[in-house]
Structures are given as C-alpha cells and as structure tokens.
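Single-letter residue listing:
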Amino acid sequence: MSLFFQVLASGSKGNAILVCSSRTQVLFDAGLSGRELSRRLEKTPLNGHRLDGLVLSHEHQDHTRGAGVISRRFDLPVYLTRGTLENLAPPVGQLAHAHIFQTGASFLIGDLAIHPFAVSHDACEPSGFVIQQGNMRMAICTDLGVATQLVKTRLQGCRALVLESNHDVGRLMEGPYPWHLKQRIRSRHGHLSNDDTIALLRELHHEGLRSILLAHLSEVNNHPELVRKSVQELQHCEEWADVRFEIGRQDAVSPGIEVD
Ligand SMILES: [Zn+2]
Ligand SMILES: [Zn+2]
C-alpha cells in the first residue's frame with residue numbers, strides 16, 4: 001500500500017495537488033484554468049485515468065479558479081465546506097456535484113480517507129487535510145496564519161507533509177505591498193512565514209517523517225533560495241538527514257513523491 005502525490009502548481013497565482021493510491025485519484029484544489037489543469041495533469045502518472053473527486057480547501061480563487069470547469073468536464077464530485085460553496089466567485093460557475101463536508105468529520109473517496117480540519121485564514125470555512133490509506137498518512141496544509149494546537153495535533157505522525165512556507169518576513173515588510181496587506185498576511189488569518197514553518201517542522205519531527213514539500217511561496221515576498229537556506233539550517237541537525245525536501249513551483253509541475 002502506498003500513497004503518491006504531485007504538486008501541479010503552488011503559489012498565490014494557483015494551487016492544485018494530485019493525491020493517488022493505487023485505486024483512487026483525487027485533486028486537492030483547482031486554482032488554475034481548466035485548460036492549464038488538464039495540461040499539467042497530463043504530466044502526472046494520472047495519464048488519462050479518471051479523477052475520482054476534487055476537494056477544495058477554501059474559496060479563494062487561487063484554489064478554485066478551474067473547479068467548475070473540470071468538475072463539469074469530468075462529471076466530478078466536488079467536496080467542500082458549506083462556507084466555501086456559498087462564497088465561490090461567480091466565474092467558477094456550477095459544480096457538477098457538490099458534497100458538503102464539515103471540518104472534523106472524515107469522509108471517503110474510493111480507498112482514501114480524508115480528514116479535514118479547520119485552519120485560521122481569511123476565508124469563510126477553510127480547511128487543511130490529512131489523507132489516509134491504511135496506516136499511511138500525509139497532510140496538506142497551506143493558507144493559514146497560525147499553526148494552532150489543532151493543526152499541530154492533526155499534522156503529527158504524518159509520513160509526508162505539504163506545508164505552506166509563504167513569505168520571508170523581512171522581504172514582506174520591506175517589499176512593495178501596502179501596509180494593510182502586509183498586516184493581513186502576517187495576521188492570524190494570513191499566511192505562515194518561512195520562520196513559522198521551520199519552527200512548526202521542528203515540533204513535528206518524528207522518525208517516520210519522510211517527505212516535505214514546502215508550498216504556496218509568494219513570488220513577491222519570498223524566493224526558493226531563501227526557503228532552501230532555512231531548510232539547510234534545519235538539516236544541520238542529524239535527525240533531518242533522511243527527510244526529503246521539495247519546493248512547490250508556480251510555473252511547473254513538481255516532482256512526484258511516493259509515500260511508503
Ligand atoms: Zn492561497
Ligand atoms: Zn487563501
């Protein structure tokens with residue numbers, strides 16, 4: 001038994017992550033145009049096999065832009081909170097089938113168990129997800145201003161993590177964004193900084209942790225080199241030597257990661 005995941009796009013211009021078991025294929029977020037999502041899906045092992053579902057984390061357009069198009073094109077069930085459904089931007093259009101979930105209540109898509117949990121972000125009812133097959137667990141958690149105790153508890157014991165590392169605090173504060181936007185990003189309802197993420201990872205380390213993909217990097221307020229540097233600091237500790245790190249990209253599909 002194993003899980004496989006591949007980040008199709010990651011960043012403030014669009015997010016989508018494919019998660020598969022040998023039987024089930026689920027897309028988490030659809031923040032690219034329908035055409036671009038299809039193009040990037042062709043670069044994954046999905047290879048024309050059917051998607052079994054689309055799960056949305058929250059209503060922001062960088063997570064939902066193509067949701068209506070691909071749900072109608074593939075006649076795909078879309079799993080989302082009521083808050084997300086009621087706040088989808090009009091251009092998303094109709095979803096083929098909407099399945100409402102509640103954070104804290106697990107549901108199944110094929111042989112994948114999805115455990116959604118609440119995160120703190122400036123959206124109506126945003127979620128992170130633990131995805132489980134058998135005793136194998138991975139998590140996707142982006143778009144959160146603070147790692148609450150609930151988030152830490154949910155992320156514990158996962159073999160793979162897709163975790164936000166949005167901005168470098170110095171770059172953000174010295175950068176071109178207006179003051180109110182800087183405040184929003186830094187707030188409890190904004191995004192995790194590189195430092196926040198490294199601190200969280202230190203708390204989450206355990207022997208079974210194998211892979212980490214750092215995601216949702218700001219193109220303006222961050223740079224992959226800065227993220228790599230903070231990861232290298234972490235890797236000075238021997239306990240991190242066996243953990244694989246990747247950085248999600250906005251403009252291209254990231255390497256696929258087998259979780260076993
Ligand atoms: Zn986002
Ligand atoms: Zn967001």
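Structure's up top.
## Re the sheet that holds strand 1 (residues 3-9)
- Overall, mixed pairing links the seven strands, which are arranged 6-5-4-3-2-1-14 in an open sheet. The open sheet has two edge strands, strand 6 (97-100) and strand 14 (257-259), and neither has a second partner. Within the sheet, the average angular offset between the axes of one strand and its neighbour, ignoring direction, is 25°.
- The pairing of strand 4 (residues 53-55) with strand 5 (residues 77-80) spans two bridges and is classified as parallel. Among the inter-strand pairings, leucine 54 is bridged to a residue of strand 5, identified as valine 78.
- Lying over the sheet, helix 1 (residues 34-41) contacts strand 1, strand 2 (16-20) and strand 3 (25-28), oriented at roughly 135° with respect to strand 1.

## Description of the coordination of the zinc ion (ligand 1)
- Bound to the zinc ion (ligand 1) on the protein side are Asp62 (OD), His63 (NE2), Asp143 (OD) and His216 (NE2), at distances that span 2.1 to 2.2 Å.
- Classification of the site at the zinc ion (ligand 1) as irregular follows from its four donor atoms and the range of 93 to 165° in their angles at the metal.
- Here the donor residues of the zinc ion (ligand 1) are spaced in sequence according to D-H-x79-D-x72-H.
- For the pair the zinc ion (ligand 1) and the zinc ion (ligand 2), the metal-to-metal distance amounts to 3.4 Å, and aspartate 143 bridges them. Note that aspartate 143 is positioned in the loop between strand 10 (136-141) and helix 5 (149-155) and histidine 216 in the loop between strand 12 (211-215) and helix 9 (224-235), a separation of 73 residues in sequence.
- Of the residues examined, aspartate 143 reaches a relative accessible area of 2% and is grouped as buried.
- On the accessibility criterion, histidine 216 (1% relative accessible area) is buried.

## Here we look at the pairing of strand 3
- Neither face of strand 3 is left uncovered, since the one carrying Gln25 and Leu27 and the one carrying Val26 and Phe28 both have all their residues buried.
- One ladder, built from four bridges, connects strand 2 with strand 3; its direction is antiparallel. Paired with cysteine 20 across the two strands is glutamine 25, which belongs to strand 3.
- Hairpin connection between strand 2 and strand 3: a loop of four residues separates the two successive antiparallel strands.
- As judged from the three bridges shared by strand 3 and strand 4, these two strands associate in the parallel manner. Bridging from a neighbouring strand, leucine 27 pairs with leucine 54 of strand 4.

## Brief notes about the sheet that holds strand 10
- With mixed pairing, seven strands are arranged side by side in an open sheet as 7-8-9-10-11-12-13. Either end of the sheet is taken by a strand with one partner, and the two such strands are strand 7 (107-109) and strand 13 (244-247). Across the sheet, the mean angle separating the axes of adjacent strands is 20° when strand polarity is ignored.
- As judged from the five bridges shared by strand 11 (residues 160-164) and strand 12, these two strands associate in the parallel manner. Bridged to leucine 163 within strand 12 is leucine 214.
- Contacts from helix 8 (residues 194-204) reach strand 11, strand 12 and strand 13 within the one sheet, and its direction differs from that of strand 11 by about 155°.

## Notes on the coordination of the zinc ion (ligand 2)
- Looking at the metal site, the zinc ion (ligand 2) is ligated by His58 (NE2), His60 (ND1), His121 (NE2) and Asp143 (OD), spaced 2.2 to 2.4 Å from it.
- Overall, the relative accessible area of 22% leaves histidine 60 in the partly exposed class.

## Side note on the packing of helix 8 against helix 9
- In contact at an axis separation of 10 Å, helix 8 and helix 9 are set at 30° when each is read in the N-to-C sense. It follows from the interaxial angle that helix 8 and helix 9 lie roughly parallel. Where helix 8 crosses over helix 9, the two elements pack in a sense that is right-handed. When helix 8 is examined against helix 9, the residues Asn194, Ile198, Leu201 and Arg202 are found in contact with a partner set consisting of Leu226, Val227, Ser230, Val231 and Leu234.
- Residue classes in the contact of helix 8 with helix 9 are distributed as six nonpolar, two polar and one charged.

## Some remarks on the pattern of salt bridges
- For the coordinates displayed, the defined rule picks out ten salt bridges.
- Between glutamate 219 and lysine 13 there is a salt bridge, with the nearest N and O atoms lying 2.8 Å from each other. Of this pair, glutamate 219 sits in the loop between strand 12 and helix 9 while lysine 13 sits in the loop between strand 1 and strand 2, and the two are 206 residues apart along the sequence.
- Using a relative accessible area of 53% as the deciding quantity, one classes lysine 13 as exposed.
- Residues participating in the shared-partner salt-bridge network are Glu36, Arg39 and Arg40.

Definitions and cut-offs
Residues numbered from 1 in each chain as written. Chains lettered and ligands numbered in written order. Predicted model: local features only at pLDDT ≥ 70, side-chain atom pairs only at ≥ 80, totals over all residues. Heavy atoms only, no water. Pairing = 2+ DSSP bridges. Helix = DSSP H or I, 4+ residues; strand = E, 2+ residues; numbered from the N terminus. Axes fitted to C-alpha atoms, helices over the stretch in contact; angles between N-to-C directions. Contact = heavy atoms within 4.5 Å. Donors = N, O, S within 2.8 Å, 3.2 Å for Na, K, Ca; no water. Tetrahedral: all angles 85-135°; square planar, octahedral: opposite > 155°, others 65-115°. Buried < 20%, exposed > 50% of the residue type's maximum accessible area, 1.4 Å probe, protein only. Parallel < 35°, antiparallel > 145°, perpendicular 65-115°, else oblique. Left-handed = near helix turned anticlockwise from the far one by under 90°. Nonpolar A, V, L, I, M, F, W, Y, C, P; charged D, E, K, R; others polar. Salt bridge = Lys/Arg side-chain N within 4 Å of Asp/Glu carboxyl O.

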